[in-house]
Amino acid sequence: MRKDVRILLVGEPKVGKTSLIMSLVSEEFPDEVPRRAEEITIPADVTPERVPTHIVDYSEAEQSEEELYQEITKANVICIVYSVNNKKSIEKVTSHWIPLINDRTDKDSRVPLILVGNKSDLVEHSSMETILPIMNQYSDIETCVECSAKNLKNISELFYYAQKAVLHPTGPLYCPEDKEMKPSCIKALTRIFKVSDLDNDGILNDNELNFFQRTCFNIPLAAQALEDVKNVVRKNITEGVKDNGLTLKGFLFLHTLFIQRGRHETTWTVLRRFGYDDDLELTQEYLFPLLKIPPDCTTELNHNAYLFLQGVFDKHDKDRDCALSPDELKDLFKVFPYMPWGPDVNNTVCTNEQGWITYQGYLSQWTLTTYLDVQRCLEYMGYLGYSIISEQESQAAAITVTRNKRIDLQKKQTQRSVFRCNVLGAHGSGKSGFLQAFLERNLARQLKIREDHKSYYAINTTYVYGQEKYLLLHEVAPDMDFLSDADLACDVVCLIYDVSNPRSFEYCAKSYKRYFMDSKTPCMIIAAKSDLHEVRQQCTLSPLDFCRKHRLHPPQPFTCNSTEAPAKDIYTKLTTMAMYPHMTQADLKNSTFWLRASLGATVFAVLGFAMYKAILKQR
């Protein structure tokens, strides 16, 4: 809503513009009326909408045309005043004032107009018969008010309607000629309905309607009031009420009725509560709330955010198979202005045999977005209505900003849940295979991935000391001459070489010596394609001798060319190294250490999935 309202009064001389302003201020008709009233400001606490209101008078005798044009440009609403006992002043409304105003305002953002018939105390008849055709002709005219500055009739109402025309305009919501809501308004209200439909059954039941009412108006609806609302819908349209709940059709009808009855403020209150501005676009403040992220800190979803996202998944997983089919995913993102996830997402997270994103994959993708692009995560959570459904001030309440990594190193412990591993290696060394294997895909499944659907990221859960953690793998393009800060910023580095290619390890050796030898980032060497015949590497030192010299863990054999899903032990090791970068190489070489770290990983993974299935059965 606007922070203030500027009302301009124009019209022919002697129609009573100045008298209207002075009668409002003094609450009595002035004995002496100046040529023009000074601009006055009505404080927020004495206006119905609690918004400061500036009232500006215009006098042809005291102001130039240029000053008039400037005031028209600055005005939020313009009252065209005429005298009900002066036909010429009425004619001037259409012959002079409306064309003048339209010429000075942008066609796509016309200022709302109020027609004001003053001096109603001097006549016994109404001017409405003459004015109604004018109102029908010009859609910019919000309303018409007949009043009297002398006996104070409708003075307060006049300025209330002017204020209302700015704060609750009809134009963006409704087309008077077609007698129906505009498409942009229908689109916004449809999103609001879907967000409020907590079980996604296409109906707002009594609990959902009451939550919606409390959210928007801070008061619940009595049981009888709810029935009265539904009865109004039943009497007027078919299929507006179903199974004693309000359908989308009924929801849209109610808002059309509010607008037609002049209760625009009801619809505007709903729209603004759900983040919309005067142009029915979601505001930047709503989508991107302020979130301060200090250097060397990362962003993660907190527990309440995961619960919210689990609820969103649950209400769209109609067949309860713990995966989202293309239709279910499309339905989930109907509250978005665009499809946020492309086909690459299916190769970034875990999917089922049909290639559908699983429950675990769905949470993983949200975790990745939060870590890599928190502003985009805030935007997406805004579309889903997180702050409204979770009753939080903004989506920023869903985010945990982790402490500085240097503090983690000093304290030799971390509260973080997401760790990044950058994967480097020469062309053809097996980097993509290593990423896809983390998603439990063997070589046969990987060969089915289209090149244009390929992803350079993979994220999944691992378990270290029984704690669930997310490991985010990022495949870095093999460019020895230039690696950006983003390529180097991570928690652990994975250097991959192909055991069957004699020139493959050279890239790993050069990369390590150039970028990581003097850094505190732990590194692991992966001997990929270990199912193939191993050849001697054309390098000064063999991979094993290189690791010994630089006190690295010995090269870890890896292959994804298996009938079963590739083993995940190596990913647990990487996560452990990321969590405990201070551990010495002696510790990392200790097999007992790895056994303790990975203890329970499989048990926890199976248990987590079983618990989710059990929750679904209960529901």
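Refer to the preceding data block for the structure.
Residues numbered from 1 in each chain as written. Predicted model: local features only at pLDDT ≥ 70, side-chain atom pairs only at ≥ 80, totals over all residues. Heavy atoms only, no water.

A closer look at the overall build of the protein
Along its length, the protein carries 26 helices and 21 strands. Expected size for 619 residues packed as a compact globule is a radius of gyration near 25 Å; at 34 Å, the protein overshoots this value by more than 25%. Expressed along its principal axes, the backbone C-alpha trace of the protein runs to roughly 105 × 55 × 40 Å. The buried share of the protein, taken over its 619 residues, is 52%. In the protein, once contacts between residues fewer than 6 apart in sequence are set aside, the share between residues at least 24 apart is 70%. Within the structure as shown, the protein displays about 30,400 Å² of accessible surface, and the carbon and sulfur contribution to it stands at 50%. Counting 72 positive and 81 negative side-chain charges, the protein places the centres of these two groups 7 Å from one another. (Helix = DSSP H or I, 4+ residues; strand = E, 2+ residues; numbered from the N terminus. Rg over C-alpha atoms; globule rule 2.2 N^0.38 Å. Buried < 20%, exposed > 50% of the residue type's maximum accessible area, 1.4 Å probe, protein only. Contact = heavy atoms within 4.5 Å. Areas by Shrake-Rupley, 256 points an atom, 1.4 Å probe, with all protein chains shown as cover. Lys, Arg positive; Asp, Glu negative; His and termini not counted. Charge placed at Lys NZ, Arg CZ, Asp CG, Glu CD.)

Points about the sheet that holds strand S5 (residues 113-118)
Within a sheet, adjacent strands bond to each other through the backbone by hydrogen bonds, running parallel or antiparallel. Reading across from one edge, S2-S3-S1-S4-S5-S6 is the order of the six strands in this open sheet, with mixed pairing throughout. The sheet is open, and its two edges are formed by strand S2 (40-42) and strand S6 (141-146), each paired on a single side. Sheet twist, expressed as the average angle between the axes of neighbouring strands with direction ignored, equals 25°. Pairing geometry for strand S1 (residues 5-11) and strand S4 (residues 77-83), over five bridges, is parallel. Note that in S4 the partner of Val10 across the bridge is Ile80. Along the sheet, helix H1 (residues 17-26) makes contact with S1, S2, strand S3 (53-57), S4 and S5, crossing S3 at roughly 145°. Lying on the sheet, helix H5 (residues 155-167) is in contact with S1, S3, S4, S5 and S6; it crosses S1 at an angle near 120°. (Pairing = 2+ DSSP bridges. Axes fitted to C-alpha atoms, helices over the stretch in contact; angles between N-to-C directions.)

A word on the pairing of S5
In terms of burial, S5 is a largely internal element, six of the six residues being buried. Here S5 shows a buried face lined by Leu113, Leu115 and Gly117 and a second buried face lined by Ile114, Val116 and Asn118. Pairing between S5 and S6: five bridges, direction parallel. By the bridge assignment, Val116 is partnered in S6 with Val145. For the crossover from S5 across helix H4 (residues 128-137) to S6, the handedness is right-handed. (Right-handed = clockwise from strand over helix to strand, strands pointing away.)

Re the packing of aromatic side chains
Tallied over the full model, the rule gives 26 aromatic pairs. Arranged with centres 5.3 Å apart and planes meeting at 70°, the rings of Phe313 and Tyr359 form a pair that is edge-to-face. Residue Phe313 is located in helix H12 (residues 303-316), and its partner Tyr359 is located in helix H14 (residues 359-372); the two are separated by 46 residues in the primary sequence. Overall, Phe313 belongs to the buried group, its relative accessible area being 0%. Members of the aromatic cluster, joined through ring pairs, are Phe313, Phe333, Phe336, Tyr338, Trp341, Tyr359, Tyr362, Trp366, Tyr380 and Tyr383. Here the basic side chain of Arg104 rests over the ring of Tyr69, its NZ or CZ set 3.6 Å away from the ring centre. (Phe/Tyr/Trp six-rings, centres within 6.5 Å; stacked < 30°, edge-to-face > 60°. Lys NZ or Arg CZ within 6 Å of the ring centre and 35° of its normal.)

Topic: the packing of helix H8 (residues 223-236) against helix H9 (residues 248-260)
For the pair H8 and H9, interaxial distance at closest approach is 10 Å and the crossing angle is 95°. The pairing of H8 with H9 is recorded here as roughly perpendicular in orientation. For the pair H8 and H9, contact is made by Val229, Val232, Val233 and Asn236 and by Gly250, Phe253, Leu254 and Leu257, respectively. Per-class residue counts for the contact of H8 with H9 are six nonpolar, two polar and no charged. (Parallel < 35°, antiparallel > 145°, perpendicular 65-115°, else oblique. Nonpolar A, V, L, I, M, F, W, Y, C, P; charged D, E, K, R; others polar.)

A look at the nonpolar core
Among the nonpolar cores identified, the biggest contains 73 residues, and Tyr362, Trp366 and Met381 are the most heavily contacted of them. Each residue touching Tyr362, except ones within four places of it in the same chain, is listed here: Leu309, Val312, Phe313, Leu324, Leu332, Trp341 and Ile357. (Core = buried A, V, L, I, M, F, W, Y, C linked by side-chain atoms within 4.5 Å.)

Here we look at the pairing of strand S18 (residues 467-475)
The element S18 is extensively covered by neighbouring structure, given that seven of its nine residues are classed as buried. Sheet topology note: the strand S17 (residues 457-464)/S18 ladder contains eight bridges and is antiparallel. The residue bridging Tyr457 from the neighbouring strand is His474, located in S18. The antiparallel hairpin formed by S17 and S18 contains two residues in its connecting segment, where Tyr465 sits at a positive phi of about 50°.

A word on the environment of Lys194
With respect to the element layout, Lys194 can be found in helix H6 (residues 183-196). Along the primary structure Lys194 and Lys334 are separated by 140 residues, whereas in three dimensions their C-alpha atoms are 8.3 Å apart. Excluding its chain neighbours within four sequence positions, the residues that come into contact with Lys194 are Asn200, Lys315, Asp331, Lys334 and Val335.

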